[in-house]
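Topology and contacts: notes
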Amino acid sequence: MKTPRPYPAYTVSKKAEAGILAGHPWAYADEITAGPETPPPNGSVVDLLSGRGRYLGSGFVSHASKIRVRLFSRNASDRFDRAFWRRRLEYAWAYRKTVLGLQDLAACRVIHGEADQFPGLTVDRFGPVLVAQVLSAGVEGIKGWLLPLLAEVLRADGQAIDGIYERNDLALRAKEGLPEGKGWLAAPEAAAMQERPSSLCPAPGLCGGTAVPDDCAASENPAPAAYPTRTLITENGVRYEVDFENGQKTGFFLDQKYNRRAVAALARGKTVLDCFTHTGSFALNAAKGGAEHVTAVDVSAAALETARANAALNGFEGKLEFVQADVFDLLPSLAAAGKSPYDLIILDPPAFAKARGAAAAAVRGYKEINCRAMRLLPRGGYLASASCTHFVTERMFAEMLAAAARDAGRQLRQVEVRGAAPDHPVLWGVPETAYLKCFIFQVV
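These remarks concern the structure in this document. (Residues numbered from 1 in each chain as written. Predicted model: local features only at pLDDT ≥ 70, side-chain atom pairs only at ≥ 80, totals over all residues. Heavy atoms only, no water.)

Overall, mixed pairing links the seven strands, which are arranged 16-15-14-17-18-20-19 in an open sheet. The sheet is open, and its two borders are formed by strand 16 (320-324) and strand 19 (412-418), each paired with just one other strand. Each strand of the sheet is rotated relative to its neighbour by a mean of 15 degrees, with strand direction disregarded. As defined by bridge partners, strand 18 (residues 382-387) adjoins strand 20 (residues 437-443) across six bridges and the pair is classed as antiparallel. Bridge assignment links Ser385 to a residue of strand 20, and that residue is Phe439. Against the sheet, helix 11 (residues 394-408) engages strand 18, strand 19 and strand 20, with an angle of about 25 degrees to strand 20. (Pairing = 2+ DSSP bridges. Helix = DSSP H or I, 4+ residues; strand = E, 2+ residues; numbered from the N terminus. Axes fitted to C-alpha atoms, helices over the stretch in contact; angles between N-to-C directions. Contact = heavy atoms within 4.5 Å.)

It is worth spelling out the environment of Thr231 at this point. With respect to the element layout, Thr231 can be found in strand 12 (residues 230-235). With 13 residues separating them in the primary sequence, Thr231 and Phe244 have C-alpha atoms 7.9 Å apart. What Thr231 contacts, discounting residues up to four positions off in sequence, is Phe126, Pro128, Tyr240, Glu241, Val242 and Phe244.

Its 20 residues give helix 3 (residues 137-156) an end-to-end C-alpha distance of 28 Å, which sits within 8% of 28 Å, the value for a rise of 1.5 Å per residue. Extensive coverage of helix 3 is indicated by the burial of 15 of its 20 residues. Just beyond helix 3, the residue with positive phi is Gly158, at close to 90 degrees. (Expected span 1.5 Å × (residues − 1). Buried < 20%, exposed > 50% of the residue type's maximum accessible area, 1.4 Å probe, protein only.)

This part is about the side chain of Asp47. Mapped onto the secondary structure, Asp47 falls in strand 4 (residues 45-49). Not counting chain neighbours up to four residues away, the residues in contact with Asp47 comprise Arg5, Tyr7, Pro8, Ala9, Tyr10, Tyr55, Gly57 and Ser58.

Turning next to the side chain of Thr11. Mapped onto the elements of the fold, Thr11 is located in strand 1 (residues 9-12). Given the relative accessible area of 18%, Thr11 is considered buried. The contacts of Thr11, once residues within four sequence positions are left out, are Glu31, Ile32, Thr33, Ala34, Leu49, Ser50 and Gly51.

For the rest of this paragraph, the subject is the pairing of strand 16. Pairing between strand 15 (residues 293-298) and strand 16: five bridges, direction parallel. The residue of strand 16 that forms the bridge with Val294 is Leu320. As for the winding sense of the linkage, the β-α-β connection from strand 15 through helix 8 (residues 301-313) to strand 16 is right-handed. (Right-handed = clockwise from strand over helix to strand, strands pointing away.)

Moving on, we come to the pairing of strand 12. Along strand 12, the buried face is formed by Thr231, Ile233 and Glu235; none of Arg230, Leu232 and Thr234, which line the opposite face, is buried. Pairing of strand 12 with strand 13 (residues 238-243), which is carried by six bridges, proceeds in the antiparallel orientation. The residue of strand 13 that forms the bridge with Leu232 is Glu241. Between the antiparallel neighbours strand 12 and strand 13 lie two residues, among them Asn236 with a positive phi of about 55 degrees.

Residues Phe126, Phe244, Val294 and Leu320 are the most contacted members of the largest nonpolar core, which totals 40 residues. Counting residues per element, this core draws most heavily on helix 7 (residues 281-288), which supplies five residues. Ignoring anything within four residues of it in the chain, the contact list for Phe126 reads Ala106, Val131, Thr231, Ile233, Val242, Phe244, Thr250, Phe252 and Leu254. Counting 34 residues, the second largest nonpolar core, distinct from the first, contains Leu89, Leu130, Val139 and Leu150. (Core = buried A, V, L, I, M, F, W, Y, C linked by side-chain atoms within 4.5 Å.)

Moving on: the packing of helix 9 (residues 327-336) against helix 10 (residues 359-376). At a minimum axis separation of 10 Å, helix 9 and helix 10 run at an interaxial angle of 30 degrees. With respect to helix 10, the axis of helix 9 lies roughly parallel. Read as a crossing pair, helix 9 and helix 10 show a hand that is left-handed. From helix 9, Val327, Phe328, Leu331, Pro332, Leu334 and Ala335 reach across to helix 10, where they touch Gly365, Glu368, Ile369, Arg372, Ala373 and Leu376. Of the residues contributing to the contact of helix 9 with helix 10, the split by class is nine nonpolar, one polar and two charged. (Parallel < 35°, antiparallel > 145°, perpendicular 65-115°, else oblique. Left-handed = near helix turned anticlockwise from the far one by under 90°. Nonpolar A, V, L, I, M, F, W, Y, C, P; charged D, E, K, R; others polar.)

Take a look at the structure:
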């Protein structure tokens, strides 16, 4: 006789069953064929069953989302208590310690959503600060103790963690029925903040650095906003100031760290054009790698201001030139000028498609900028081309590059094909985790 399970059960279609058995952790609303008479509260733990009653896994239910259930366990013997989640957090951190160099652990992705079996949760570490984004109702319900538990796990390993900041100002949260917002995680972190003097305390001289916002004597009406929301990190020997309150996503794109290092290895003595530079990360790596000169281009004046500040932070002002321009306009204007001053071009645009239906248009956009870049490069020049659009697969991107080369009248010698850094792991069976592509070529 089977032991009754304590969780509400949902039955899924054969299509969903096949996907789950192949490794995918989601069941969509239109794949649910049966469920409890009284729906459980949003974000509750539920079981998924096959049409024949076979246990497929347990996950969080979301009544507002098209992704109705997100699995986090496939073991019917698991007990989902704090000890279970602590083991998961320890496992995720142990993985980072294995696949990253020790020097990279101070600025890395600690939790990468479904790839770490934390549905809809992203946590990046920027020195003493953990920055979290929560995109699932289930994790929203436990974040108050889960995120401090993560800080506890890191501190137990000797890591200095002063605070946890939430970047939940994403429209995607509405699809889970969750409100938007950002700010410091409050009371659950108070005890942890008192374990050692905090570099985030607004008035350490008044309290020895141990005060939390509610206790701080720095203001008559203290608030979490009193804490600084910028911090310094070092990646590949390059220093950056990270604005984790207002920067894109969690404040800095950590996934390209080793791709930047690969580009830096090619940059010595070269004249470099870094398109879509954002905070200047590829440009700064090229400068550190010994580039003769680097032109960093972005359409955003605010992004260029940050990139300039980062260049000054590293003493690279004399090597870098900053240009505010739309890359789609700049590349043809350079071609019209009849000059080819660059022998290394970097294309790292933002995502061109936010939905599957926009993938074809995205491919056209990628082809245009890549074709123009290839025409600008002399024979023997180098091209680094990236895409973070997960709806454009690696195969689609490679086919686009081949077509762009044909149109440009160029042949490409592949140096290497890269993806995200290993702290952003790809989970086979979950194509959404294989979003980043980076191809490096020599034009011959």
